[in-house]
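Here is how the chains run, residue by residue.
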Amino acid sequence: MSAIRQRAALLARQARPQAVRNTRRYGSSHGHDHHHHEHTVEEKLGTGFYLSAATLAGTWVVYKVSRPGKDGELSTFSRWLKEWADLHQTWETRNDLLAAAVEQAAADKHLLLNAPRNRTHDLRFPEVFNTGSPFNVPAGHYVNIDKVVAHYQQQHLKEEERKAKKLAAAAQQ
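Please read all numbers here as calculations on a predicted model, not as lab measurements.

**Student:** Can you help me understand the overall build of the protein chain in this one?
**Tutor:** When you go through the protein chain residue by residue, the secondary structure sums to four helices and zero strands. Counting from the amino terminus, the protein chain carries its helices and strands in the arrangement α-α-α-α. Each of the 173 residues in the protein chain was classed as buried or not, and the buried ones make up 3%. When the accessible surface of the protein chain is split by element, carbon and sulfur atoms take 58% of a total near 17,700 Å².

If you want it as structure tokens, here you go:
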């Protein structure tokens, strides 16, 4: 029943005359002669005008620059290009120097990266191996480093002998 009622309501709405909508007119029925105010609005020149003027001026400048000079001399544009061509030699020299520097840096890098590495560390004092807490050390944790200590003592003695010989030679002269 509800569907029949909805359909009947729709037909009733469509049968009703539509309300006439009046359009609003913004023109006034009053004469403008009573209170005639003169409003002047200055209109600015648009972007198109300035672009046209710039294009015209630019075209004239390009034409003047591209014309050859008196007595067959080069045009201003050709002289500018010649100046830039001279810079080509300068840039070529700079590029050669840069390439040589990069090649030298690459060679140095390969030299340093492929050099054999010293696997030993020169120690100032052999006790560096025994730095650690003396408490709670498991048995056999610290190795016997008597041979390492003997090696560095021998190295120290050789260094002292060399210094003594050097001082003796300096004193005799």
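**Student:** Sorry if this is basic, but what is going on with the packing of aromatic side chains here?
**Tutor:** The description of an aromatic ring pair rests on the distance of the ring centres and on the angle between the ring planes. A complete count under the given rule lists one aromatic pair for this structure. Relative to Y50, the ring of F49 lies with its centre 5.5 Å away and its plane at 70 degrees, an arrangement referred to as edge-to-face. When its relative accessible area of 45% is taken as the criterion, F49 is described as partly exposed. Across the ring face of W91, the terminal group of R94 is positioned such that the distance to the ring centre comes to 4.8 Å.

**Student:** What is the right way to read the environment of V62 from this model?
**Tutor:** Position of V62 relative to the elements: it lies in helix α2 (residues 47–66). In this structure, the C-alpha to C-alpha distance between V62 and F77, residues 15 residues apart in sequence, is 8.7 Å.

**Student:** Is there a simple way to explain the side chain of S75 in this structure?
**Tutor:** Residue position: S75 is located in the loop between α2 and α3 (76–113). Side chain to side chain, S75 and S78 meet in a polar contact 3.0 Å long. Leave out the neighbours within four places in its chain, and S75 touches V65, S66, R67, P68 and G69.

**Student:** So what exactly am I meant to see when it comes to a nonpolar patch on the surface here?
**Tutor:** The grouping of F77, W80, L81, W84, L87 and W91 at the surface amounts to a nonpolar patch, some 710 Å² of accessible area in total. Structurally, the position occupied by W80 is in helix α3.

Rules used in this analysis
Residues numbered from 1 in each chain as written. Predicted model: local features only at pLDDT ≥ 70, side-chain atom pairs only at ≥ 80, totals over all residues. Heavy atoms only, no water. Helix = DSSP H or I, 4+ residues; strand = E, 2+ residues; numbered from the N terminus. Buried < 20%, exposed > 50% of the residue type's maximum accessible area, 1.4 Å probe, protein only. Areas by Shrake-Rupley, 256 points an atom, 1.4 Å probe, with all protein chains shown as cover. Phe/Tyr/Trp six-rings, centres within 6.5 Å; stacked < 30°, edge-to-face > 60°. Lys NZ or Arg CZ within 6 Å of the ring centre and 35° of its normal. Polar contact = N/O pair within 3.5 Å; in protein donor to acceptor, adjacent residues only side chain to side chain. Contact = heavy atoms within 4.5 Å. Patch = residues over 30% accessible without salt bridge, like charges linked within 9 Å, V, L, I, M, F, W, Y side chains within 5 Å. Salt bridge = Lys/Arg side-chain N within 4 Å of Asp/Glu carboxyl O.

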